[in-house]
Amino acid sequence: MSHWMDPVKEIDPDVFDLIQKEEDRQRDSIRLIASENYASKAVMQATASVFTNKYAEGYPGKRYYLGQEFVDKLENLAIDRAKDIFGAEHANVQPYSGSPANLEMYYALCEPGDTILGMGLPHGGHLTHGWKVNFSGRFFDAHQYSVKKETERIDLEEVRRLALEKRPKVLVCGASAYPRFIPFDELKSIADEAGAYLVADIAHISGLVAAGLHPSPVPMADVVTSTTHKTLRGPRGGLILCKKKHKKAIDRAVFPACQGGPHLNAVAALCVALKEAAQPDFLTYQKNVLANANAMAERFLELGYRLVTGGTDNHLLLLDLTDKDVEGKVAAVAMEKANIVSNANSVPYDTRGPFNPSGIRIGTPAVTTRGMGTSEMKQIADWIHACINVREDDAKLSAIKNEVVEMCRSFGTPW
Ligand code: DSN
């Protein structure tokens, strides 16, 4: 039987073998990593297009090499679609991914050594929001805010106190493991009071924002950064949106300051993804992402689990296993033996360390793309509960895996 990767098979059977095994893994497992998804075949094929062969340092109409007739049209199309869908004044579609996009944002807005303020990694923030082992924690005077112990919601009083005390150049918001809406309006007021730029990293929620199901920071933030492959369901890549007044600084920061030639194959695929995101069924998809996260949260609560913040407003939930006498990693490894793939994650004020945290982060973007609905979510929560209970019994985990594979296959191939 022919396979869409047959040319790879012919040239490099080793890589083909790994591609096929990864296809099988992605088809036969329940993928709950909140930052992952299944891009459409159209997106994947655009990623594999001849645009991978072209260099295009610069911007449309102002390149260093020739042969840019179609590249310029492509990049302008991506810029226009990104501006349209997010209602942004300017878009730069060249960032290689989310971390480079954040590096470029700091480059545009700050000088080395400037003060920045972001949410701490153990409280749901991201490495690039000023965490000490990251460039953002090393090259800037970085301070971190937290969530409130009692509510596990962003501690706006602490944000305000730190902002007024430290006077950051940039106040960064957005998260990798925060199950609630980000209060952009309140953060904007604090940024204004402290004289800081407000930056929103919407990598996780950009699909929800594009669909209008999560408040958008675009109207009030100076700069908005994102990846393109999470809820947005595009190719691996990054995106920066900003106010017109930051256009020049952002564009210069991306090229030539931090990057060389853009990955035009990724830009082509982003174009396709943004077109998909403008279709009515994208809104339905994002609504289902939320309904599925809610259904799973409800079932976990029925099963006696504690969820960080008690539930979810978005595509993810954080299961706190502190009082279950099982470590997050042990639970995640047991789940993987049953083909349920997630990641162990710190919970706020975790009593265990970052390599052995107390939580499991669960996201619904990928399973929703496969067409799974709220009844499957309840079944998945039951399987996770069972995996945790039989975590030391490989035979029982293997029996759950058989059921998981059967359910996954009943939803067909996701590409
Ligand atoms: N790795 C991403 C996530 O899982 O949230 C963040 O960069």
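Residues numbered from 1 in each chain as written. Predicted model: local features only at pLDDT ≥ 70, side-chain atom pairs only at ≥ 80, totals over all residues. Heavy atoms only, no water.

### Here we look at the sheet that holds strand 4 (residues 90-92)
This is how the line gets drawn: DSSP-based pairing: two strands are paired if at least 2 bridges between them are found. Numbering of helices and strands runs from the N terminus, with a helix taken as a DSSP run of H or I at least four residues long and a strand as a DSSP run of E at least two residues long. Where helices are involved, their axes are fitted lines through C-alpha atoms of the stretch in contact, as for all axes, and angles between N-to-C directions lie from 0 to 180°. The criterion used for residue contact is that any of the two residues' heavy atoms lie within 4.5 Å.
With mixed pairing, 7 strands are arranged side by side in an open sheet as 4-10-9-8-7-5-6. Edge positions in the sheet fall to strand 4 and strand 6 (141-145), since each of these pairs with one other strand and no more. Ignoring which end each strand starts from, the neighbouring axes of this sheet average 20° apart. Examined bridge by bridge, strand 9 (residues 223-227) and strand 10 (residues 238-242) share 5 bridges and lie antiparallel to one another. Following the sheet pairing, Ser226 is matched in strand 10 by Leu239. Against the sheet, helix 7 (residues 156-166) makes contact with strand 5 (115-119), strand 6 and strand 7 (170-173), and its axis sits at roughly 160° relative to strand 6, the strand it touches most.

### Here's the deal with unusual backbone geometry
Geometrically, the link from Phe255 to Pro256 is a cis peptide bond, its omega value of 15° lying close to zero. Relative to the elements of secondary structure, Pro256 occurs in helix 10 (residues 247-258). We note that Tyr349 has phi near 60°; this positive angle belongs to a residue other than glycine.

### Looking at the packing of aromatic side chains
Using the following cut-off: Ring pairs shown here join Phe, Tyr and Trp side chains whose ring centres sit within 6.5 Å, with only the six-membered ring taken for Trp; geometry is labelled stacked below 30 degrees between planes, edge-to-face above 60, and tilted in between. In this scheme, a residue with accessible area under 20% of its type's maximum is buried, one over 50% is exposed, and one in between is partly exposed, where area comes from a 1.4 Å probe on protein chains only. Criterion for a charge above a ring: Arg CZ or Lys NZ at most 6 Å from the ring centre, at most 35 degrees from the ring normal.
Following the criterion strictly, the structure yields 7 aromatic pairs and no others. Measuring from centroid to centroid gives 5.5 Å for Phe300 and Tyr305, while their planes differ by 80°, and the two rings are edge-to-face. Of the residues examined, Phe300 reaches a relative accessible area of 0% and is grouped as buried. For Tyr305, a relative accessible area of 5% gives the class buried. Taken together, the aromatic side chains of Tyr106, Phe135 and Phe140 make up a single cluster linked through ring pairs. When the ring centre of Tyr38 is taken as origin, the NZ or CZ atom of Arg31, which lies over that ring, is 4.4 Å away. Between the NZ or CZ atom of Lys132 and the centre of the ring of Trp131, over which it lies, the distance is 4.2 Å.

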